[in-house]
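So the chains spell out like this:
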Amino acid sequence: HKFWELGGSKMGAAIGQGGQVANYGQDQEEAADFDLDKVAPSKPAQEASQEGAQGPGTSGAVALPQDKQAQSLQTSDQALDAREKIQQVRENLPVRQVRDELLRVIRSNQVIVVVGETGSGKTTQLTQYLREDGYTRSSTGARLLVACTQPRRVAAMSVAKRVAEEAGCPLGGTVGYAIRFEDCTSPETEIKYMTDGVLMRETLSSPDLDKYSCVVMDEAHERSLFTDVLFGVLKGVVQRRLDFKLIVTSATMDADKFSRFFGGCATFHIPGRTFEVETYFAKSVVPDFVEAAVKQALEIHLSSPPGDILIFMTGQEDITATCQLLADRIESLGEGVPELLLLPMYSQLPADLQAKIFERAKAGQRKCIVSTNIAETSLTVDGIRYVIDSGMCKLKVFNPRVGMDALRVTPVSQANANQRAGRAGRTARGFCWRMYTENQFVHELLPAQVPEIQRTNLGNVVLLLKTIGVRDLLSFDFMDPPPKENIVDSMYQLWVLGALDGAGELTALGTQMAKYPLDPPLAKMLISARELGCAEDMLTVVSMLSVPEVFYRPAERAEESDQARERFFVPESDHLTLCNVYNLSKRQGFNAGWCAKHFIHRKAVLKAHEVREQLQSMVPAPPHGVKAVSGTPAWDLVRKAICSAYFVQAARLKSITEYVNLLNGASAALHPSSAICGIGETPDYVVYHELVLTSKEYMRTVTAIDPHWLAELGPMFFSIKGHEHLGRHDIGGKMVAGADSEDGTGHGSSSSRPAAAGA
Ligand code: CDP
Ligand code: MG
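In this text the structure is predicted, and so the values were computed from the model without any measurement.

Quick notes on the rules
- Position numbers for residues start from 1 in each chain and track the written sequence from start to end.
- Going through the entries in the order they are written, you letter the chains from A and number the ligands from 1.
- Restriction of local features to residues with pLDDT of at least 70 applies here, the model being predicted, together with a cutoff of 80 or more for giving and counting side-chain atom pairs; totals for whole chains, interfaces and linings are based on all residues.
- In this text, helices come from DSSP runs of H or I with a minimum length of four residues, and strands from runs of E with a minimum of two, each type numbered from the N-terminal end.
- Known as pLDDT, the predictor's per-residue confidence is scaled from 0 to 100.
- Any pair of residues counts as being in contact when their C-beta atoms, constructed from backbone geometry, are within 7 Å of one another.
- Pairing between strands is defined by DSSP: at least two bridges between the two strands are required.
- Here, axes are lines fitted to C-alpha atoms. For helices the fit covers the stretch in contact, and angles between N-to-C directions go from 0 to 180 degrees.
- For this entry, the nonpolar core is defined as buried Ala, Val, Leu, Ile, Met, Phe, Trp, Tyr and Cys residues connected by C-beta atoms within 7 Å.
- Each residue is classed by its C-beta neighbour count within 10 Å, where at least 20 other C-beta atoms makes it buried, 12 or fewer makes it exposed, and intermediate counts make it partly exposed; the C-beta atoms are placed from backbone geometry.
- Defining nearness, a residue is near a molecule or strand when the C-beta atom obtained from its backbone falls within 6 Å of it.
- Amino acid classes used here: Ala, Val, Leu, Ile, Met, Phe, Trp, Tyr, Cys and Pro are nonpolar; Asp, Glu, Lys and Arg are charged; the rest, including Gly, are polar.
- Here is the rule for handedness: rotate from the far helix to the near one, and if that takes an anticlockwise turn smaller than a right angle the crossing is left-handed, while a clockwise turn gives right-handed.

Describe unusual backbone geometry, naming the residues involved and giving the relevant values.
A positive phi is found at Phe181, a non-glycine position, where the angle reads about 65°. Along the polypeptide, Phe181 turns up in the loop between strand E4 (175-179) and strand E5 (182-184). Backbone geometry at Glu219 places phi at a positive 60°, although glycine is not the residue there. With respect to the helices and strands, Glu219 occurs in the loop between strand E7 (212-217) and helix H8 (225-240).

Structure representation (structure tokens):
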């Protein structure tokens, strides 16, 4: 264990505030996955970021994603050449050699597990083969869809783009994709790449997925949360619809397990072509994997034969640090050093920069891709001969103390490590350097990663399963059931929000909540706001919370940017401050110059605008008698609606900026960036959106509340003790079981949970 701690803390030092930072409640692949931050490897991050804020070549108009703009079919000779080349690549893929046999197996089986090495063509070819074999037409000639699910948004988009190219159609035409808040399909679409979460949502309105003839569940070995849930859900579809085909693909040997889950279904192996990979371990424990990886990469670059390098890091922070360090070292070596093309790859990177990893290096140039585990199996890059494995990745882990998911830097599993090494041997003999010892590999790494469903918050999953009529969650057909406590805990949280009743059944509110592609508390916030008549403002708040940081704060202009930010402050609420930023930016037509001047990430606000449009179409008109009001008084209602969903995260002032959580007594400080920090008097009671752990625990995105609201909205926890004087001591957490300790924990009482029978 020492190693990992050491590695983490050292890394923290090397990369500023990365390392052990845990972002509670921030969903790596969903919330943070918009292409926003521009960080070019060869420039200081801040400078590049500023460029991003100004947005070269941007106009005041609201930009459509570039891919949505129709791409005309190219007809020049050059384009024909390119298409020929693409067809040649297709012809030479391992899966091409077994295409007809595979299609025969699919014709005579309903469920097929397909196993093949990364790069054999599963993701890009299977859907096209199915289309070629007629699966996108029903017997009456109607159009049907072939779906391919991906655990990651980035993969769904980038693979769809590639397949559209191969099929010679504009993206969003015959080939399209759908991810949360973004649907790039049309009535012409026959092949649809989508995140597993989006397909899961579609089963709510169409339990038998009638539009689809086949679903390819890709990257099943990753065992993402919604892939695991879909396993159980699609098993039902297979039983109900004999014309439905389910293909499960895996890059590893979990095939038997998948096959057993589907009653011993057919398994198809794509014969692989892999080359030997020589693997080297660190001789002693590595204290700082960024530094060690940089050193190794330099050594390869300066002394090894041609071939590209792939470095596995954990996330944006250490990827940026690695690129920066490598660029500095190479610069310090002076003239005569061959060119090293540094290419970062992480989910928040803008799509155009992500696409660069697939471009071939120029003669005399060597590519060095520094990536998260997305390059492990989801994206295949040809030409890699050298792999450097930090041995770490970022994983979403449920933190029971705060009741939320956190992203944590964690050692990879042995299976991950072997996949990573395999990337070096795709086209020729390769080499892999591991930044950990053989002893650590054998004794400290798990054989395989724990499936996400067993380590994360299940709030969303429970709500969705309840909505599609699964009454008894404990006996739902999970391949690997989540721990019972996790299910019960998530049900408890939903009960607190009012989405489930005491028997564990979905309430009317819960049914409404499930309609939104949002985490349950955000959905509740929106519904409460609608009832209070302030839905318009809340739509803005929720959209702004769904995109990454909108304020931009370069290190060398920190003070200036802080001052700029303060001009947007709404003293009693960070949520309303976000609302303010959006409204003012919109009034300026999202003007690039204006955004840059005010240190606002234009792309983030634009994305929020897009999300808002999507969400707006889902909010029904306000209930009868409620008039939507706007202006200052409405903002008190917005705060109340926020409180209705976040009273579990209520805190009381202890001293200047220190607060204690009313329910568990833990202390947390106002985040220094908060609008209610230091302006005027700090409020006695607040609720917060998330906790961020750096040097200590900070509440981020905070709103002042009236303590009466706690008793009104969270009566299971709060009561008003003295009726006459309502001061800071009169509201306290209470145990639902009846104990009346001021900071008593509501979580402890099992009698307050919905009956286990309903679980
Ligand atoms: O899914 P699997 O790992 O089996 O392979 P794939 O993703 O279908 O990739 C097959 C091949 O397509 C890769 O080896 C690349 O040659 C090519 N490809 C590409 O050039 N650019 C992409 N964006 C995706 C795939
Ligand atoms: Mg694939």
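Could you give an account of the confidence of the model for the chain, naming the residues involved and the relevant values?
Low pLDDT marks regions whose predicted coordinates should not be analysed in detail. Here the chain averages 83 in pLDDT, while 82% of its residues score no lower than 70. Scored below 50 in pLDDT, residues 723-730 makes eight contacts in the model with residues more than four places away or belonging to other chains. Across residues 732-759 the pLDDT falls below 50, and counting only partners more than four positions away or on other chains, this stretch makes 66 contacts in the model. Here the predicted complex scores 0.83 on pTM and 0.99 on ipTM.

Summarise the sheet that holds strand E6 (residues 191-195); cite the residues concerned and give the values.
The strand order across the open sheet built from eight strands is E5-E4-E6-E3-E7-E8-E2-E9, with neighbouring strands paired in mixed fashion. What marks the edges here is a single partner per strand, and that holds for E5 and strand E9 (266-269). Neighbouring strand axes in the sheet, compared pairwise and without regard to direction, differ in orientation by 20° on average. Relative to strand E8 (residues 245-250), strand E2 (residues 111-115) runs parallel, the two being bridged by five bridges. Looking at E8, one finds that Val111 is bridged to Leu246. Where helix H5 (residues 122-132) meets the sheet, its contacts fall on E2, strand E3 (145-150), E6, E7 and E8, and the angle it forms with E3 comes to roughly 165°.

Kindly report on the nonpolar core, identifying the contributing residues and their values.
Within the largest apolar cluster, 196 residues are counted, with the highest numbers of intra-cluster contacts made by Ala160, Ile311, Cys368, Leu526, Met538, Val542 and Val605. Ignoring sequence-local partners within four residues, the contact set of Val605 consists of Val550, Val581, Tyr582, Ser585, Phe590, Cys595 and Ile600.

Let's hear about the site of ligand 1: which residues, and what values?
Residues in close proximity to ligand 1 total 16 residues, the closest being Gly119, Lys122, Thr123, Thr124 and Arg162. Sorting the residues of the shell around ligand 1 by element identifies H5 and helix H6 (153-167) as the ones contributing at least two each. For the shell around ligand 1, the leading source of residues is H5, giving four residues. Tallied by class, the residues present in the shell around ligand 1 amount to three nonpolar, 10 polar and three charged.

Break down the packing of helix H7 (residues 196-205) against H8 for me, citing the residues and quoting the values.
Contact geometry of H7 with H8 gives a least axis separation of 9 Å together with a crossing angle of 35°. The hand of the H7/H8 crossing is left-handed. In this structure, H7 uses Asp196, Gly197, Leu199, Met200 and Thr203 to contact H8, whose residues at the interface are Phe226, Thr227, Val229, Leu230 and Val233. Looking at the contact of H7 with H8, its residues break down into six nonpolar, three polar and one charged.

Can you break down the pairing of E6 residue by residue, with the values?
In terms of burial, E6 is largely enclosed, as five of its five residues are buried. Alternating residues of E6 divide into Ile191, Tyr193 and Thr195 and Lys192 and Met194, and every residue in both groups is buried. Sheet analysis places E3 next to E6, joined by five bridges and oriented parallel. If you follow Gln150 over to E6, its bridge partner there is Thr195. Bridge analysis of E4 against E6 gives four bridges, and the strand direction is parallel.

Lay out the sheet that holds strand E13 (residues 366-371) in plain terms, naming residues and giving numbers.
The strand order across the open sheet built from six strands is E10-E17-E14-E11-E13-E12, with neighbouring strands paired in parallel fashion. Across the chains shown, the open sheet's two edge strands, defined by having one partner strand only, are strand E10 (277-280) and strand E12 (340-345). With strand direction ignored, the average angle separating the axes of adjacent strands in the sheet is 15°. Taken together, the six bridges between E12 and E13 define a ladder with parallel strand orientation. Bridge pairing in E13 places Leu342 opposite Cys368.

How would you summarise the environment of Lys211 if you had to cite specific residues and measurements?
Note on placement: Lys211 falls in the loop between H7 and E7. Spatially, the C-alpha atom of Lys211 lies 34 Å from that of Met345, the residues being 134 residues apart in sequence. The residues touching Lys211, leaving out its near neighbours within four places in the chain, are Leu144, Leu145 and Ser206.

How would you explain the environment of Leu126 if you had to name every residue and give the values?
Inspection of the secondary structure assignment puts Leu126 in helix H5. Put simply, Leu126 and Leu103 are 23 residues apart on the chain and 9.2 Å apart in space, counted from C-alpha to C-alpha. When sequence neighbours within four positions are dropped, the list of residues in contact with Leu126 reads Val216 and Ile247.

If you had to explain helix H15 (residues 459-467) to someone new, which residues and values would you point to?
Among the nine residues that make up H15, eight are buried, leaving the element largely enclosed by the rest of the structure. Residues of H15 that are buried: Gly459, Asn460, Val461, Val462, Leu463, Leu464, Leu465 and Lys466. Positive phi appears at Gly469, one or two residues downstream of H15, with a value of about 90°.

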